[in-house]
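# Coordinate analysis (summary)
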Amino acid sequence: MPAPEREMKSGFVAVAGRPNVGKSTLVNALCGGKVAIVSDKPQTTRRRIFGIANGDDYQLVLADLPGFQRPRDALTEHMQRTVDSSFEDVDAVLFVLDARDRIGAGDRFIAQRVFGLGVPVVIAVNKVDRLKGGHIASQMQTGSVLGDFHALHPVSAKTGDGVAELRDELVGLLPEGPLYFPPDQRTDLSDEAQIAELIREKALRLTREEVPHAISVEVQELEEKLVRAALYVETDSQKQILVGKGGAMVRQIGTEARPEIEALLGRSVFIDLQVKVRPRWRRDEAMLERLGL
Ligand SMILES: Nc1nc2c(ncn2[C@@H]2O[C@H](COP(=O)(O)OP(=O)(O)O)[C@@H](O)[C@H]2O)c(=O)[nH]1
Ligand SMILES: [Mg+2]
């Protein structure tokens, strides 16, 4: 007799929370590998990225999202539209709070949105590695009045504390369903898009003030031994910063990105980065479309 088919649970969970609370870091931790780039600069996540946690009998698809914000230009407007549409048709919401910050108007604004969706909301109080027990307890208490939540988990995306329990909780909320992605896949982004994001992450880390927001990366060639990418900025002075003295900054970006790009591709590559000025690309609809934003 053939073995009975194992029951598969699968579904989608949208990840909500203010900028910088650690949504992307937590998605990476839940998926057991890096799918989304992380930085201490707001607006690091610009588009929706599916992070996929695969188990023997489940497939949990997490939608990592930009933080909620007031749109200021075409880019941030696209980002907010992405956030809005990502809450349609999800099986649950993971609402991430920062254990270190005061729970405030920003969190309550998001709470208004997510508790009205009619799906279970799981709250994660993240970054507990930075706090003592007493403070964690009081933060959990404050978080718990945000709405009628299904469960509340203290976690550290950084150390992994509480992450397995949180994953089990979310999987428990999924209906029976098919595999939406091949079971060895951890994200829906193409190799080109993942590489562009990794390069942008290093550029974000190495720059400050207005420069990070002005950077976009496009992979233009991906060959057996070569990755060619353009880093776009909006002004000549931003370009000077990104190029650095004698090209030192852009070289450093390539050096830092290469190990992760090679790990992703499973082969060694030469990385050719060019910094280009594209005035006002954040307001340019055609450019945003080209960049997948
Ligand atoms: N100490 C600590 N830092 C964290 C944790 N999770 C995220 N971070 C840091 O918080 C910052 C924002 O993280 P990110 O995932 O990009 O936040 P997002 O904007 O909500 O996606 C980064 O500097 C992370 O390294 C955590 O559990 N503990
Ligand atoms: Mg993020």
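You'll find the structure just up there.
Please read all numbers here as calculations on a predicted model, not as lab measurements.

With respect to topology, 3 strands assemble into an open sheet ordered 7-8-9, the strand pairing being mixed. Two strands lie at the open edges of the sheet, namely strand 7 (216–222) and strand 9 (270–277), each paired on one side alone. On average, each strand axis in the sheet is tilted by 25° relative to the strand beside it, whichever way the strands run. For strand 8 (residues 226–233) and strand 9, the ladder comprises 8 bridges, and the chain directions are parallel. Opposite Val 233, over in strand 9, you have Val 277 as the bridge partner.

Reading across the sheet, the 6 strands line up as 2-3-1-4-5-6 and stay open at both edges, with mixed pairing between neighbours. Both outer strands of the open sheet, strand 2 (49–55) and strand 6 (151–154), are each paired with one neighbouring strand and no more. Pairwise comparison of adjacent strand axes, ignoring direction, gives a mean angle of 25° for this sheet. Helix 3 (residues 105–114) rests against strand 1 (9–16), strand 4 (92–98) and strand 5 (121–126) of the sheet, and its axis sits at about 170° to strand 4. In the packing of helix 5 (residues 163–172) onto the sheet, the strands contacted are strand 1, strand 3 (58–64), strand 4, strand 5 and strand 6, and the crossing angle to strand 3 comes to about 105°.

Before going further, it helps to spend a moment on the site of ligand 1. Around ligand 1, a shell composed of 18 residues is seen, among which Asn 20, Lys 23, Thr 25, Asp 129 and Ala 157 lie nearest. Between ligand 1 and Val 21 there is a distance of 3.3 Å, counted from an oxygen atom to a backbone nitrogen or oxygen. With respect to ligand 1, the backbone of Ser 39 contributes an N or O atom lying 3.4 Å from an oxygen atom. For ligand 1, the protein covers 89% of the area, taking 580 Å² as the surface of the free molecule. Of the residues in the shell around ligand 1, the class split is 4 nonpolar, 7 polar and 7 charged.

Conventions adopted
Residues numbered from 1 in each chain as written. Chains lettered and ligands numbered in written order. Predicted model: local features only at pLDDT ≥ 70, side-chain atom pairs only at ≥ 80, totals over all residues. Heavy atoms only, no water. Pairing = 2+ DSSP bridges. Helix = DSSP H or I, 4+ residues; strand = E, 2+ residues; numbered from the N terminus. Axes fitted to C-alpha atoms, helices over the stretch in contact; angles between N-to-C directions. Contact = heavy atoms within 4.5 Å. Near = heavy atom within 4 Å. Polar contact = N/O pair within 3.5 Å; in protein donor to acceptor, adjacent residues only side chain to side chain. Areas by Shrake-Rupley, 256 points an atom, 1.4 Å probe, with all protein chains shown as cover. Nonpolar A, V, L, I, M, F, W, Y, C, P; charged D, E, K, R; others polar.

So yeah, pure geometry; function would need other evidence.
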